[in-house]
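# Descriptive analysis of the structure
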Amino acid sequence: MIAAAVTRREPSSALLYVDDVTVSFDGFRALNGLSFYVDPGEMRAVIGPNGAGKTTMMDVITGKTRPDSGRVLFRDRYDLTAMDEAAIASIGIGRKFQKPTVFPQHSVFENLELALAGRRGVWPTLFARLDGRQRRRIDEVLDTIGLGAERTRPAGTLSHGQKQWLEIGMLLIQDPELLFLDEPVAGMTDAETAQTADLLRGIAGRHSIVVVEHDMEFVRALDVRVTVLHEGSVLAEGSLAHVQQDPRVIEVYLGR
Amino acid sequence: MSLSPDAARTSPLARIDRPGQTFLLLLLATAVAVPVLNLAVPPSSPFHVPSWLVPLFGKYLCYALLAVAVDLVWGFCGILSLGHGAFFALGGYAMGMYLMRQIGDRGVYGNAELPDFMVFLNWTELPWFWHGFDSFAFALVMVVLVPGLLALVFGWFAFRSRVTGVYLSIITQAMTFALMLLFYRNDTGFGGNNGLTDFKEILGFGIQADSTRAGLFVASALALGIGYVICRLVVTSRAGRVMMAIRDAESRARFLGYRVEHYKLFAFTLSAVLAGIAGALYVPQVGIINPREFSPASSIEIIIWVAVGGRGTLVGAVLGALLINYGKSYFTTVEPESWLFILGGLFIAVTLFFPRGILGSLAGWWGGWRAGRRAARAPAPAPAPSAVEEPAE
Amino acid sequence: MSRFTHSHRRPSALRSLARLAVLTLLAMAALVGPAEAQPDDALRALLPALAEGSYSDKGNAVIAFAATGDPRVVPVLEAMADRRLYTLAADGSVVIADEVDGGFLVRDPLTLEEIGVVAKAELEQVKTNNGLRSTIRDALGGLTLLGPDPAQRLAAASRVFGSRDAGALPALEAAIAAEEVEAVRDAMIRARAAVLLGSGDQEQRLAATDTLSGYTDPEVRSLLAAMMRGEADPQVRAAMEDALAAIERTLALWRFAGSLFEGFSMGSVLLLAAIGLAITFGVMGVINMAHGEMMMLGAYTTFVVQELFRLHAPAWFDWSLAVAIPAAFIVAAAVGVAIERSIIRWLYGRALETLLATWGLSLILQQAVRTIFGPNNREVGNPAFMQGALDLGSGLTLTYSRMYILAFCLIVFVGLILMMKRTPFGLQMRAVTANRPMAQAMGIRTGRVDAMTFGLGSGIAGLAGVALSQIDNVSPNLGQAYIIDSFLVVVFGGVGNLWGTFAGGMTLGVANKLLEPWSGAVLGKIIILVAVILFIQKRPRGLFALKGRAVEA
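Bear in mind that the values here come from a model prediction, so they are computed numbers and not experimental data.

Even without being a glycine, Arg75 of chain A presents a positive backbone phi close to 50°. Its location among the elements puts Arg75 of chain A in the loop between β4 (69–74) and β5 (78–79). Overall, Arg75 of chain A belongs to the partly exposed group, its relative accessible area being 27%. The phi angle at Leu314 of chain B is positive, at roughly 60°, despite the residue not being glycine. Positionally, Leu314 of chain B belongs in the loop between α11 (296–309) and α12 (315–334). Look at Leu314 of chain B and you get buried, because its relative accessible area is 0%.

Turning to the interface of chain B and chain A, a few remarks are in order. With 41 residues of chain B at the interface, the matching set in chain A holds 44 residues. Both faces considered, chain B and chain A share a buried interface measuring about 3,900 Å² in area, 56% of it formed by carbon and sulfur atoms. Looking at the side of chain B facing chain A, the largest losses of area belong to Arg238, Arg252 and Phe255 of chain B, adding up to 23% of the total buried there. For the interface between chain B and chain A, the tally reads six salt bridges. At the surface where chain B touches chain A, the tally comes to 14 residue pairs in polar contact (both at pLDDT 80 or more). Where the side of chain B that touches chain A is concerned, the elements lending two or more residues are α8 (238–248), α9 (250–255) and α10 (260–286) of chain B. In terms of residue count, α8 of chain B provides more of the side of chain B that touches chain A than any other element does, eight residues in total.

Looking now at the environment of Gly374 of chain C. All names here are of chain C. Examined against the element boundaries, Gly374 turns out to sit in the loop between α14 (351–373) and β6 (389–391). Take Gly374: its relative accessible area is 18%, and that puts it in the buried class. Sequence separation between Gly374 and Ser475 is 101 residues, and the spatial gap between their C-alpha atoms is 8.6 Å. The contacts of Gly374, once residues within four sequence positions are left out, are Tyr300, Val369 and Pro476.

Residues and elements named next belong to chain A. Across the sheet, six strands lie side by side as β6-β7-β8-β3-β9-β10; this open sheet has mixed pairing. Two strands bound the open sheet, and with one partner strand each, they are β6 (93–96) and β10 (233–238). In this sheet, neighbouring strand axes are inclined to one another by 20° on average, regardless of whether the strands run parallel or antiparallel. In the sheet, strand β3 (residues 43–47) pairs with strand β9 (residues 225–230) via four bridges, with the strands oriented parallel. Looking across to β9, one finds that Val46 is bridged to Thr227. Packed on one face of the sheet, helix α1 (residues 54–61) meets β3, β6, β7 (178–182), β8 (208–212) and β9 and runs near 145° to β7. Along the sheet, helix α7 (residues 190–203) contacts β3, β7 and β8; its crossing angle with β8, the most-contacted strand, is approximately 150°.

So, about the pairing of β9 of chain A. Residues and elements named next belong to chain A. Of all six residues in β9, five are buried; the element is thus mostly enclosed. Summarising the sheet, β9 and β10 pair through five bridges and their orientation is antiparallel. Counted as the bridge partner of Thr227 is Glu237 from β10. Here β9 hands over to β10 after two residues, with Glu231 in that stretch at a positive phi of 45°.

The rules behind the values
- Residues numbered from 1 in each chain as written.
- Chains lettered and ligands numbered in written order.
- Predicted model: local features only at pLDDT ≥ 70, side-chain atom pairs only at ≥ 80, totals over all residues.
- Heavy atoms only, no water.
- Helix = DSSP H or I, 4+ residues; strand = E, 2+ residues; numbered from the N terminus.
- Buried < 20%, exposed > 50% of the residue type's maximum accessible area, 1.4 Å probe, protein only.
- Contact = heavy atoms within 4.5 Å.
- Buried area = accessible area lost by both parts, 1.4 Å probe.
- Salt bridge = Lys/Arg side-chain N within 4 Å of Asp/Glu carboxyl O.
- Polar contact = N/O pair within 3.5 Å; in protein donor to acceptor, adjacent residues only side chain to side chain.
- Pairing = 2+ DSSP bridges.
- Axes fitted to C-alpha atoms, helices over the stretch in contact; angles between N-to-C directions.

Just distances and angles here, no functional claims.
The structure is reproduced here in structure tokens:
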């Protein structure tokens, strides 16, 4: 009902189109008729109090959780509710977890190698070799995320912030059309946070990015359209300044 | 265990690391030396290897291959299979069936058509699944096919529904337990409790003959060597790195677009096939295969070989299998009461104090020592690494 | 009397001696008998009339004899009808005699005491004809059917059912009208139906068939089957067929009930075995492979307690379980806490490593028990109240030991549920299960909760061991036999919810026992294993799994 307040868009123009999605866990409605869209090249921030359904929303879009009802369309072609994680990843949707998740025993370079776009089957990877172009691509991303000097270090020994960047790099190297970042600056120092904001602004435009974040300073720094979730559906949408003035938002989230 | 980024570019041979090369050389030396010292050196010589030792060593090599197979799934893919003894036993039964058919009319009942135990059960004709086992080639195909197919079907069901961790371990254990019950039954048609035994010859060679035993020993060494090289090539390929990635962070791998279940299925099936081959070589050397090989306890014992030697090192699995089985042979003859205490103690000690096993710990010390030397030479402080995360289980 | 003889031909001196002995015996019987049973005189006085006069005289004598209603009449009349009643040629006294090797064994008809063996020539049979025998049977039937002892009336009814003698019908009718004991009346109605089944009247035969279809005992089935084969009337034949089918259905139902009971019994054992496992796995994420050995410890504790009772207080043996139950709980729980503090707490978050370490532990415990108690089965007794079985008829017997175990299991389960719901420890345990870091942050000493939980899980395994010692062999391998089944229960039921374990245990137990008659025990077990493996395809976290994000973190 609240979602109805948000302007309905034609699915064809949006990159991602989430329509009236509901998910329940043992009677608890994690998502309640959520409708939501992302335009090509857009960067979007999603905020909301704990339990608002942010992570569940990403779980549904990336194929981890099946919704009880509703549609999720990508590029107007793919019904994401019928696909699994690997298939969704392969059509160009990347996801960074809340807790930085890299392969701790692999080197930074290998982490990126595994993320590199390419065939993902057992047989091709058994005989895969890196060609010059792919190496250059890895080097390029290493530069972007500022981990060039750490290329041979096991990823498990990186600092928290470095792991976050490596994970973002692993998403970038896949060249996804749509990126989901779950709290990308959690646990980062202020300097690292600022660097991350720069990094994301730098890559926006070429990719659509959805950032789920608690850190208001960071959201302000991103300076993008903000969607506020509450109790599993969209409460408000617009610029940060706009939503911050919305009395309902102040009531449920900022006011507390 | 982190592999150099250039590993994949070099030739297959160079992908075998120093411990691997050492192991292969030692294996080659053993494969030559044992038969020569047994057959060509007279018994009076102190260098003579007595005939009874040859199949014992051969048995150890089969166990080592089995351990390598388990290390492939556990060490590199994070699948703790408590049912690998089943694949080993199935390979063994396939070979055992061939050996039974070779007995012909030399059995106790002198029935050329039926193995003794079927005569004993008053069966009048050979069950359908025994047909074809007269042929050695057919038996070899079955040695590979039966464990491989079981692993494929079982793994397909298990991995597809994302059964992981202890749940997977428990259902693999249930699998081998179910097979044990099945094979203990007389009506199943595999000799019930007694299994298959009293073999006479293999490919026309007397099974007790020294030369046959030497040949089987060499075959076991060869199988172990080839099995090791295959596993090594797999784990050093990008597919191997994907497997380790799955082991350490399964959902990350999934969200990168890898079909986790396909990789697991590949590793599991390859591993089952290697285990089956190990079983097939084991049976003619020990002269019997019975349902006890299916017991859950036997399968768990394989895990401790790998854990002691060093999980995820392949060579360590070989080392662990040899050490523990030598220990078992020694203690069960000298002090049978003590063996289970020792084995149980090993399980606890290894998990508590040496989770990386012998080879893993050695590699750790060696790495630490080298890092220390490097640090001494170039005193620039290395960036302080944050705590290494435990691999997600 | 002087011609009494022994079975073997002996020199005459010996024979005389034997005669003397028999004479003495008879004299003693005559002296002692009346002293023991005064009314004997009256009954004994009626005896000679049975052997005298015409058949109709004898008939009157039979009726008079039976009219006394004395239970001792029955063997006499039965013997008479079977032509086993004789008079001794020497003194005309009435005796019962049976042919034995080398002569006839003579017994007093009323006391049934053996008197001796005589040659055939010494005896004279009491003659009977059909009419007399019929009179006897009527008298017998009426007499015992109306006798004072319900057991005897029941026996009489079965006798009529067996003979299907139409002559007994009037007595039967009278008896049915008078009978007050339900079971006896039932047997009489059954007997009447059996008699009427042979009557000439179609109506009656149909009614009888209908009555008999309500009984399930094998005699009724074989009677109906036999009658059906000889039945000419197609209508009656069809009715009999239906009756047989109805009986089969009833029997199948009983068998099903029997399997159900066995299933619940097995389920209760599985539940007892699995519940501790489920608790430790649910709360701590620890798979305890030594869980089976905790059961073994419980069983051996029972053994030791019973040995102590046998040695020091054999009179109190029935109370041994009352001591063994807390003792087994304490022993197993103490060992559990020791294991948790010394090994498991170093391995939290590494479920697979815990699995291996506890397996090692199970090997050590097994070998330790083998070293101390020997490798063989140990004898653990059932207290008297747990022996025997409750027979519900129709082939359904419920052994008391299994019924007690079922009850015991339910008590333990309810106690556990109450503990989880009502006590502070239960609350802490649930908190740790739901969210360990949060519980820790709220000041719950998770280390202590872990130790207590593991102790509790082990203690319940110890209790399971007490129960198992009552129905299974107590040997060092006891735990191994149950551990895989308990794992399946946990996998099937899901963790973190005791009701899931309950449903898992009962489902597997019942499924196992329902499959068993159809597929055999081994194949049934294999089918269950495969079914569970397929089941966790659909629900990888079990029947009652927690859903949502928290579980996957």
